[in-house]
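Structural features, examined
Single-letter residue listing:
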Amino acid sequence: MFDLIIRGDRVVTPHGIGEWDIAVKGEKIAALAAPGAFGDDAAARVINAKGKIVMPGGIDPHVHCAWHIPALEEGGEPSYSAPPSQVSRAALYGGTTTIIDFAASEKGDTVPQMIERRDKDWVDQCYCDYAYHIMLRGAVPPSVVEELGEAVQDGYPTVKVFTTDITPSRKGRMVHFGDIWEILKVLAREGGLGVIHSEDNDIVMHMYEKLFREGRAGFENMAEVHNALSEDISFRRIIRLAENIEGAALYMMHVSAASGVSAIAQSRAKGFPIYGETLHQYMLYTSDDYRKPNGQMYHTYPSLKSQADQDGLWEGTLNGAINAVATDEVCCTLSVKVQGNQIDDTTGGNSGVEPRLAVMFTEMVEKRGYTIEKFVDLTSSNAARIMGLYPRKGALAAGSDADITILDPNEKRTVRKEDLHETDYSPWEGREVAAWPTVTVLRGKVMVENGAFHGDEKDGQYLKRYISDDIRGGPML
Ligand SMILES: [Zn+2]
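Quick caveat, the model's predicted, so the values are computed rather than measured.

Attention shifts here to helix 12 (residues 356-367). Taking 1.5 Å as the rise per residue, helix 12 with twelve residues should run 16 Å; its terminal C-alpha atoms sit 15 Å apart, in good agreement. Inspection of helix 12 places R356, L357, A358, V359, M360, F361, T362, E363, M364 and V365 among the buried residues, and these make up the whole buried set.

Listed below in C-alpha cells is the structure:
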C-alpha cells in the first residue's frame, strides 16, 4: 500500500520524459511504474496529473534569508531580509522544495559556531528543505582553514568567498588571495567545492572613486562599476589559481557577463571541474532596466549588464558553462529595496524564488524551445548534482525523496505581487507566464495544492551534502 500515486503523461525522469505513475511511500519515491500498473486502491491518495508536467521540486542554490541589510544612514537601524519561514513558504508555492543559504563567519568564531549561529535562524522555522554554504569573510585564520576539512566530512562541503568588498562601505568582506589559495587546498584535499563571488576589487573600487569624482554616482551607472572586464580578470585569476591545485573544483556564483561565461567555458575545455550559476534577473534584464521607475528592483550585485552579456549567459546554458539558475534571494520590502539610489548604497539581492520556475519555464521552453529536461536540469537537477544532493534531490526515481512539483501549462497567468507570497513588490510584475506550479510535494507531504498551503514550519530538514567524485573529477553536465 502506497501513500500517494501521481499519474502523469509528462513525467521528467533522469532517463527522459514519459508516461509514468509515481508511487510514494513515506518520504520516498517507492517506484516509477508503467501507467495503470497500480490500481487506485493501491494508495491512500491518487493525483491525476495528466496534461501537466511532473518534475522534481525546484532547487535554488543561492538565497539569503534573515540577512543583514545595511541602513542607508551611518549608524542607522539595519534591516533584515525575510526569514526562512516566509521565503520557504513562497518557494513551495512556486514549486521549489530546497533552498541553500549561507552560514557566515563573524570575527573570531569557529566553523561549528558559524553553523550553530545560523541554525538559530533556521531550525524548525523553514517549510522546505535547506542547507548552508559556509561563507568566510575578511581575514581567515589558519585554524579556520583547517576546520573546513572536518566541515566537509560532516556534510558542509561548499565554502563561499568574495574576491571583492563589493562596495567601499563593506570593507572586510573580501578574502585575500593567499587565504583563498589555502582554503581551496583544504577543499581539494577533503572533497569540497569553492563557491565564489568573483570580481576584481581593484577595478571595482577604482570605478567607485572615478564615478564619484565625475558626479555620476547614480545607481543606473552600476554596470560601469561592477563591469564585464572586472568579471573577466577576476574569473581568470581565481580559475588559474584553482587549476593549479590538484583536486580543486569551483562553482562561480551569479555569473553576469559574457566574459565570465567564456572564462568558465575555456577552463572546462581544459578539463577543469568548474560550474557556472546565473540569476534569473541577469537572464532577462539588462542595465537599461536600471532607468525604469524603481529600477533598483532589478538589481543585484555584481550588476545587470548589456544585451550582449545577457546573450552570452543564454549561450552558456547551451554550451555547459552555465549549469544552474538561482535567485540570489534577498526578500525585502520595496521601500528597503529602493532606499539607496547610488552605486554604493543600492540594496542587493532580489525577490523571485516563487515565480522562478514559471518564469524560467516560459523563457526556456515556450520562448526558446529548450527541452523540458533542459529546463529541469537548470532549475533543479544540476544544482542537486553540483551541490551534493543528487539523486536524493533533483530526481524523480525510486529511492529519491518524494519532492515533486506539478507544473500546469493550462495555468497561464500574469505575475502579480498580490498573488505571490513574497513581499510588496516583484521584479516580475506584469510578466506573462505559460505555466504555474499547482501542486508541490515535499518528502511525500502535499505542501501546496491549488493555492492551499498545508506546510508546517517544522517540515523543512537540514540537508547534509557530499560532493560526488564525478562532479569534482572533471567538467560534468
Ligand atoms: Zn548572494
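Picking up after the structure, the text goes on.
Here we take up the domain arrangement of the chain. Taken domain by domain, the chain comprises domain 1 (2-56 + 395-413 + 433-453) and domain 2 (58-393). Computed from C-alpha atoms alone, the centre-to-centre distance between domain 1 and domain 2 is 31 Å. With 24 residues of domain 1 in contact, the opposing surface of domain 2 contributes 26 residues. Mapped onto the side of domain 1 that touches domain 2, the elements with two or more residues apiece are strand 1 (2-13), strand 2 (16-25), strand 5 (53-56), strand 16 (404-408), strand 19 (436-442) and strand 20 (445-449). The leading source of residues in the side of domain 1 that touches domain 2 is strand 19, at four residues.

Strand order in the open sheet formed by eight strands is 6-9-10-11-12-13-14-15, and the pairing between neighbours is parallel. Two strands in the sheet have a free side with no partner beyond their single neighbour: strand 6 (58-60) and strand 15 (324-326). Neighbour-to-neighbour, the strand axes of this sheet turn through a mean angle of 30 degrees, independent of strand direction. The pairing of strand 12 (residues 193-197) with strand 13 (residues 250-252) spans three bridges and is classified as parallel. Bridge assignment links G194 to a residue of strand 13, and that residue is L250.

A few words on unusual backbone geometry. Residues apart from glycine generally show negative phi values, whereas peptide bonds are mostly found in trans. With an omega of 5 degrees, the peptide bond between Y301 and P302 qualifies as cis. Positionally, P302 belongs in the loop between helix 9 (280-284) and helix 10 (307-319). P391 follows Y390 through a cis peptide bond whose omega is 0 degrees. Secondary-structure assignment places P391 in the loop between helix 13 (372-387) and strand 16. Positive phi is not limited to glycine here, since N450 has a value of about 50 degrees. With respect to the element layout, N450 can be found in the loop between strand 20 and strand 21 (452-453). Classification of N450 as exposed rests on a count of 8 C-beta atoms within 10 Å.

About the thresholds
Here the residue numbers are simple positions, counted from 1 along each chain's written sequence. At least 70 in pLDDT is required for a residue's local features to be given in this predicted model, at least 80 for side-chain atom pairs to be given and counted, and no such filter applies to totals for whole chains, interfaces and linings, which use all residues. Only DSSP runs of H or I reaching four residues or more are called helices, and only runs of E reaching two or more are called strands; each is numbered from the N terminus. Helices are assigned an expected span. That span is 1.5 Å times one less than the residue count. Three classes are used. A residue is buried when 20 or more other C-beta atoms lie within 10 Å of its own, exposed when 12 or fewer do, and partly exposed in between, with C-beta atoms placed from the backbone. An automatic or database domain assignment supplies the start and end points of every domain. Contacts here follow a simple rule: the backbone-placed C-beta atoms of the two residues must lie within 7 Å. If DSSP finds at least two bridges between two strands, the strands pair. Structural elements are reduced to axes, namely lines fitted to C-alpha atoms, with helices fitted over the stretch in contact, and the angle between N-to-C directions of any two is expressed from 0 to 180 degrees.

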